[in-house]
Amino acid sequence: PLAFILTGIPGLSVSSSWMALPLCCLYLLMILGNCTLLWLIKTDHSLHTPMYYLLSMLSVADLGLSLSTLPTMLAVFWFKSTSLLFEACIVQMCFIHSFSAIESGVLVAMAFDRFIAICCPLHYASVLTSSLILKVGVAIFVRGICVVLPVAVLIKKMPFCRSRVLSHFFCLHQDMLSLACGDIRVNSLYGLTAVILTKGLDSLSILMSYMMILRTISSIVSQPARAKAFSTCISHLCALLIFYIPLIGLSLLHWLGKHLSPLTHMLLADAYLLVPPVLNPLVYSWKTKQIRRQILILLCRR
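Computed from a predicted structure; not experimentally measured. (Residues numbered from 1 in each chain as written. Predicted model: local features only at pLDDT ≥ 70, side-chain atom pairs only at ≥ 80, totals over all residues. Heavy atoms only, no water.)

### With respect to helix α8 (residues 185–218)
As a reminder of what qualifies: Numbering of helices and strands runs from the N terminus, with a helix taken as a DSSP run of H or I at least four residues long and a strand as a DSSP run of E at least two residues long. Helix span is expected to be 1.5 Å times the residue number reduced by one. Here the bend at a residue is taken as the angle between two axes, fitted respectively to the seven residues that end there and the seven that start there. Each residue gets one of three labels from its accessible area relative to the maximum for its type: buried under 20%, exposed over 50%, partly exposed in between, using a 1.4 Å probe on protein chains only.
Across its 34 residues, α8 extends 47 Å between first and last C-alpha, which sits within 8% of the 50 Å expected from 1.5 Å per residue. Along α8, the sharpest change in direction is near 35° and occurs at I196. Along α8, the positions that sit buried rather than exposed are N187, G191, A194, T198, K199, D202, I206, S209, Y210, I213 and I217.

Written as structure tokens, this is what we have:
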């Protein structure tokens with residue numbers, strides 16, 4: 001059966017497991033942080049508002065994105081098993097790219113939430129109802145799946161007759177496509193189209209939302225009120241930077257950084273998949289007063 005060979009740390013033997021413990025700590029921190037956020041939002045009725053519903057969706061997307069790579073990370077770094085069947089690689093690729101598209105969509109919805117809260121505060125409760133948030137969540141989830149499924153169908157038909165060694169300990173579409181020996185123009189074109197229809201349109205929507213938010217904030221006369229309005233966007237802006245900077249860097253690396261060392265590719269791909277799920281709960285716990293208060297209450301009880 002066709003199988004790919006996963007790479008641990010480029011240039012080092014698989015038996016070099018010194019990276020296993022830090023990676024496992026990152027995964028545990030990610031699971032603990034996001035599960036704590038989900039539990040707090042579920043149990044505290046004061047957090048049952050559109051903003052926190054969207055935050056819970058972001059946590060689910062973060063969990064899905066990181067847990068998609070957990071099995072192969074354990075296999076490579078703990079059990080020294082580097083072989084992965086082609087079908088399993090495609091499944092993992094679908095999960096990674098689907099949850100990435102879902103997270104991008106949730107960030108757009110959160111930008112719209114901030115736009116309504118700052119630009120149309122009197123209509124916030126009437127516009128962002130629970131039913132609308134549910135419909136938006138379903139639409140984001142369906143979009144993430146529908147955009148990625150054709151990628152799996154197209155790459156399933158590709159012949160692989162060259163090296164089958166992947167650059168990471170998980171499967172990415174660009175990485176698998178670079179090993180194909182057939183005509184990859186259709187796959188590359190659809191992959192680019194999928195990125196434009198998801199990350200491209202999402203980033204444009206977020207940019208337009210914040211342009212209108214900044215225009216509204218600049219029209220506020222009172223300096224304290226202006227600072228208070230902008231402070232409500234800090235957590236979301238941090239989440240945007242944490243998600244899009246590694247994503248843009250990884251995309252540019254695949255197109256322009258072929259001369260760079262494999263270790264650089266590996267580190268940036270790991271940052272793209274692990275840094276946002278780990279940092280998002282910390283950012284929102286630190287910058288959001290309600291969540292910080294609930295965490296302090298929980299710690300005091302224990």
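From this point, the narrative continues.
### What about the pattern of salt bridges?
What counts is decided by this rule: The salt bridge criterion pairs a side-chain nitrogen of Lys or Arg with a carboxyl oxygen of Asp or Glu, the two atoms within 4 Å.
Applying the stated criterion to the full structure yields 3 salt bridges. Among the salt bridges present, the one from R114 reaches D113, with a minimum N-O distance of 2.7 Å. Classification of R114 as buried rests on a relative accessible area of 10%. Across the salt bridge formed by R143 and D202, the nearest N and O atoms sit 2.8 Å from each other. Pair noted here: R143 is in helix α6 (residues 130–156) and D202 is in helix α8, with a separation of 59 residues, a long-range link.

### Quick word on the state of the cysteines
Note the following rule: Working definition: a disulfide is two cysteine sulfur atoms within 2.5 Å of each other.
Inspection of every chain in the model, using the stated rule, returns 1 disulfide. With its sulfur 1.9 Å from that of its partner, C89 forms a disulfide with C171. On the sign convention where negative means left-handed, the S-S torsion of about -115° between C89 and C171 marks this disulfide as left-handed. Here the residue C89 occupies a position in helix α4 (residues 86–119), and C171 occupies one in the loop between α6 and α7 (173–177), the gap between them amounting to 82 residues. Like C171, C89 is buried. With no disulfide of its own, C238 lies closest to C233 among cysteine sulfurs, the gap being 11 Å. For C238, a relative accessible area of 25% corresponds to the partly exposed category.

### A word on the UniProt feature "transmembrane region" (unreviewed entry) in the protein
Our working definition: UniProt positions are given in the numbering used here, feature names are shortened, and annotations may be inferred rather than shown by experiment.
Residues annotated by UniProt as "transmembrane region" (unreviewed entry) correspond here to residues 20–41, 53–78, 84–102, 132–155, 203–221, 233–257 and 263–284. A distance of 36 Å separates the end C-alpha atoms of residues 53–78, which is 88% helix and 0% strand. Here residues 203–221 is 84% helix and 0% strand, with 29 Å between the C-alpha atoms at its ends.

### Description of the nonpolar core
Stated formally: As used in this record, nonpolar core signifies buried Ala, Val, Leu, Ile, Met, Phe, Trp, Tyr and Cys residues forming a set joined through side-chain atoms within 4.5 Å. In what follows, a contact means two residues having at least one pair of non-hydrogen atoms within 4.5 Å.
In terms of nonpolar packing, the biggest core is built from 81 residues, with L55, F77, M93, L107 and M176 touching the most fellow members. Take this core: its biggest share by element is 17 residues, from α4. Excluding residues within four positions of it along the chain, L107 makes contact with L58, I206, H236, A239, L240, F243 and Y244.

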